[in-house]
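Next come the chains, spelled out residue by residue.
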Amino acid sequence: MAGGSWPWEPPSFSPATGRKDRLRVLQEMRGFWNNLGIERREQVHQQVATARERQRKVSTFWDEHKAIVTDRWRSRPRGRGVVTVADIPEVAAQWHPANPGSADQVLASHQGKTGEPSPYRWLCPLGQGHPSWSAWPKDRVQKGTRCPSCQHLISLADVPALSEQYRGTVPVNEVPFASHEVVEWECRTWVADPHTGRWHKARHRFTAVVKERVLQGDACRVCAGFVIDDTNSLQTWFPEIAAELDDDELDPRALPTSRHNAKRREQADGHRYAELPWRCRHGHRWPATIANRVSSGGCPHCSPSGLSKEQIRLTAELAGLLRLVPPDRPDPRLPVGVPDFGSHRIAVPTHLRPAEFRNAKIEVDAIFAFDCHLIGLEYDGAFHHSGQRRDRLAFTRQKDFVLQQLGYLVVHVRLGKVPQLDSPQAIIVALDERASAHGAASAVARALEARLGRAVPRLHQYIRDGRATSADLAEQFITCVWGVKRPRAGTRKPEGTPRKQRQLRATPPTDDSLLTPASLPYRSPDSQGSTLRDYRCRCGTTVIGLVQADVTRGNTRSCGCLARKSKTVRRSSIPRSLAQEARRWAVERGIRVSVNGPVSARLIASYLLAVADAQNIPRDEHGLVAEEWVQEWARREGSRLLARGRLPEQTWYAFATAHGASFTP
């Protein structure tokens, strides 16, 4: 980076169209500033090291000069009042020509009164351009005093990477490089414009201690985010977020766009960043950090997080049968006439709150009043309650117990493949994940009738109608909360635009395939989207065109010769009595099996191993041998598997025989 010049201009980017795009551009600009700071820090360290090496050489010269001069004085051949400056040649060489008298006329021990300035001046022998200085001959000869300018050789001028940014009032060559003074600086850089995608020049002005910038390598305080101006403020980059500040004393032009500014930390807790007050356009108030807001944290009251559209439709249907208890805080987005189907947040007293609960409130999806009871509805979908993301059963049971202590009867509507919930305090209604809102509401109402022994009004008529009655209200609520989904502008291609075809890629056959590629892959002329490839088979077939994906996956391993060969192999004959015994064994264990027809080889092998009481063989809950275990055994034995790892009948019978079963086909 040349002294005093602007850094290189980074390449332009596509204009930002939304908050996420602006955040991306802001991160790119910070990265550019950070790279400039790293480069400048390396230059400063290198220039300081060079200046210190020069200072070391100068100090070494004067140390040697002092040793020589003082040694000459101690070993002088004549007395004190006889030796002149000329008798010490190293000092005489620095004699200023404008001094009164010559060096051979001035005694080397000459010294004036205390505090009296010396009339004799001296020249620096190192050729550094240092000004002459005054000193008495006695100090020069007996103490070996040196050039005062050489003692403070390093100044801010010796660090060009920082001297070009210096804007102080004192000349730069008079500022010590380790000064503790706070001076002004100016950093020249580039600033991104998210609306145009271009960069423009900017000057960052700030104050900093000289020593911190020279010895610690501190970068520009604006680029680092410790000083806020128009190039990195919240108002500049996210004006829509700045407009939601709920404190008139806070100026968004002086607030950062992230938490990297250490001055924004709370005074009470140095490990937390300050939370500012916010207010959305609907009147909701909440505290949040700037980093949370910038990184997509919107109004928590307006966010549909924790809600699902299926839950809203079920709540709306139950509201037509039971009396809905609306949340304490009405949603300002809802127009008049649209009920509030949102969830509730119920405060839990301290003596009822388990230690595992992180919050003082628990959320209930909906609350209804029926027969002097408060019904708390919990909608447990497969996405959050399947157990794949986390185990929620223990938390759910604790939550049900707390709600029961608070006077609620909890109803869990559990849909899809979710773990079985054992909660004695709650009513469990298990439904298929494709159940309609009408069917789910009918099931919940019937479960309430069975538990409380009271009939739900209008339930029988509701079931006979067989359709949802509050779908319009549910959709109005969904539209107000989620908004209307609109297609992104400019994403639809003009009609008639040719479709860009993907590049074909050759993939090898599976390891146990009999096919060898004979051409490059090509597109099928008959089936759109299929990729064909010509292959040669080991059986002697010349060339045959097959789907490359099937050959790669192992679905197709030959030209058809393997299938023809398998038809000629005599299948194992299973005695009728053995098949009937295996079928009865399966029915006793709840295994679904046909009344007539063939019995699978897996069932026969499992039955034979059960009769033989074979140990250490993995089985499922019904007693069937695990297929993965047999596949692993077949690979160890070198038995050939069918496509996609399927097991032939002979492999099942061989496995049963090898593990103690008595079988003769």
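Refer to the structure above for everything that follows.
A few points on the structure. Small disclaimer: the values here were computed from a predicted structure and weren't measured.

**A word on the sheet that holds strand β12 (residues 408-415)**
The mixed open sheet is built from five strands, whose spatial order is β7-β10-β11-β12-β13. Each of the sheet's edge strands pairs with one partner strand only, and the pair in question is β7 (323-324) and β13 (426-431). Lying on the sheet, helix α10 (residues 309-319) is in contact with β7, β10 (366-370), β11 (373-380) and β12; it crosses β11 at an angle near 155°. Where helix α12 (residues 393-405) meets the sheet, its contacts fall on β11, β12 and β13, and the angle it forms with β12 comes to roughly 150°.

**What to know about the nonpolar core**
Counting residues in each nonpolar core, the largest one holds 51 residues, and the members touching the most others are Met 29, Leu 156, Trp 185, Val 214, Leu 234, Phe 238 and Trp 278. With 10 residues, helix α1 (residues 19-74) is the largest single contributor of residues to this core. With 38 residues, the next largest nonpolar core counts Leu 324, Leu 377, Ala 441 and Ala 447 among its residues.

**Quick look at the pattern of salt bridges**
Scanning all chains against the criterion turns up 23 salt bridges. For Asp 246, the salt bridge goes to Arg 285, with nearest N and O atoms at 3.0 Å. Placement of the pair is Asp 246 in the loop between α8 (239-242) and β5 (276-279) and Arg 285 in strand β6 (residues 285-288), with a sequence separation of 39 residues. For Asp 246, a relative accessible area of 29% translates into the label partly exposed. By relative accessible area, Arg 285 is classed as partly exposed at 45%. The network of salt bridges with shared partners includes Arg 167, Glu 186, Arg 203 and Arg 205.

**Brief notes about the pairing of β12**
Counted residue by residue, β12 has eight buried out of eight residues, so it is predominantly covered. Side chains Tyr 408, Val 410, His 412 and Arg 414 of β12 all project onto a buried face; the interleaved residues Leu 409, Val 411, Val 413 and Leu 415 project onto the opposite face, where all are buried too. Where β11 and β12 come together, seven bridges link them in parallel fashion. Each bridged residue has a counterpart across the sheet, and for Glu 378 the counterpart in β12 is His 412.

**Some thoughts on the packing of helix α18 (residues 576-588) against helix α19 (residues 601-611)**
For the pair α18 and α19, interaxial distance at closest approach is 9 Å and the crossing angle is 80°. The angle between α18 and α19 falls in the class roughly perpendicular. Residues Leu 578, Ala 579, Glu 581, Ala 582, Trp 585 and Ala 586 of α18 form the contact with α19, whose participating residues are Leu 603, Ile 604, Ser 606, Tyr 607, Leu 608 and Ala 610. Its residues assigned to classes, the contact of α18 with α19 comprises 10 nonpolar, one polar and one charged.

**Brief notes about the environment of Ser 524**
Note that Ser 524 resides in the loop between β15 (522-523) and β16 (531-537). Sequence spacing of Ser 524 and Gly 297 is 227 residues, and the spatial spacing of their C-alpha atoms is 49 Å. Ignoring any residue separated from it by four or fewer positions in sequence, one finds Ser 524 in contact with Ser 530 and Leu 532.

**Let's talk about the environment of Pro 304**
Tracing the sequence through the fold places Pro 304 in the loop between α9 (290-294) and α10. Since its relative accessible area comes to 25%, Pro 304 is described here as partly exposed. Remark: the alpha-carbon pair of Pro 304 and Trp 482, spanning 178 residues in sequence, is separated by 6.8 Å. Once residues within four sequence positions are removed from consideration, Pro 304 is found in contact with Val 481 and Trp 482.

**Some points on the pairing of strand β3 (residues 182-192)**
The buried count for β3 comes to eight of 11 residues, which makes it a mostly enclosed element. Across 11 bridges, the pairing between β3 and strand β4 (residues 199-209) is antiparallel. Each residue of the ladder has a partner; that of Val 182, found in β4, is Val 209. Counting the residues in the hairpin turn of β3 and β4 gives six residues, including Gly 197, whose phi is positive at 80°.

**Examining helix α13 (residues 437-452)**
For α13, with 16 residues, the first-to-last C-alpha span of 22 Å sits near the 22 Å given by 1.5 Å per residue. Buried residues of α13: His 438, Ala 440, Ala 441, Ser 442, Ala 443, Val 444, Ala 445, Ala 447, Leu 448 and Glu 449, and no others. Where the residues of α13 are buried, they touch α10, β11, β12, β13 and α14 (459-465). Phi for Gly 453, located one or two positions after α13, is positive at around 70°.

**Comments concerning the side chain of Arg 414**
Mapped onto the elements of the fold, Arg 414 is located in strand β12. Since its relative accessible area comes to 4%, Arg 414 is described here as buried. In this structure the side chain of Arg 414 is engaged in a polar contact, spanning 2.9 Å, whose partner is the side chain of Asp 380. Contact partners of Arg 414, with chain neighbours within four places excluded, come to Asp 380, His 385, Leu 393, Pro 419, Leu 421, Ile 428, Val 429, Ala 430 and Leu 431.

**Quick word on the packing of aromatic side chains**
Applying the stated criterion to the full structure yields 12 aromatic pairs. Relative to Trp 185, the ring of Tyr 166 lies with its centre 6.0 Å away and its plane at 75°, an arrangement referred to as edge-to-face. With Tyr 166 in the loop between α5 (160-163) and β3 and Trp 185 in strand β3, this residue pair connects regions lying 19 residues apart in the sequence. The buried category is assigned to Trp 185, whose relative accessible area is 2%. Look at Trp 633 and Phe 655: their rings are 5.4 Å apart centre to centre, the planes differ by 80°, and that puts the pair in the edge-to-face class. Highlighted residues: Trp 633 in helix α20 (residues 627-637) and Phe 655 in helix α21 (residues 649-658), separated in sequence by 22 residues.

The rules we used
- Residues numbered from 1 in each chain as written.
- Predicted model: local features only at pLDDT ≥ 70, side-chain atom pairs only at ≥ 80, totals over all residues.
- Heavy atoms only, no water.
- Pairing = 2+ DSSP bridges.
- Helix = DSSP H or I, 4+ residues; strand = E, 2+ residues; numbered from the N terminus.
- Contact = heavy atoms within 4.5 Å.
- Axes fitted to C-alpha atoms, helices over the stretch in contact; angles between N-to-C directions.
- Core = buried A, V, L, I, M, F, W, Y, C linked by side-chain atoms within 4.5 Å.
- Buried < 20%, exposed > 50% of the residue type's maximum accessible area, 1.4 Å probe, protein only.
- Salt bridge = Lys/Arg side-chain N within 4 Å of Asp/Glu carboxyl O.
- Parallel < 35°, antiparallel > 145°, perpendicular 65-115°, else oblique.
- Nonpolar A, V, L, I, M, F, W, Y, C, P; charged D, E, K, R; others polar.
- Expected span 1.5 Å × (residues − 1).
- Polar contact = N/O pair within 3.5 Å; in protein donor to acceptor, adjacent residues only side chain to side chain.
- Phe/Tyr/Trp six-rings, centres within 6.5 Å; stacked < 30°, edge-to-face > 60°.

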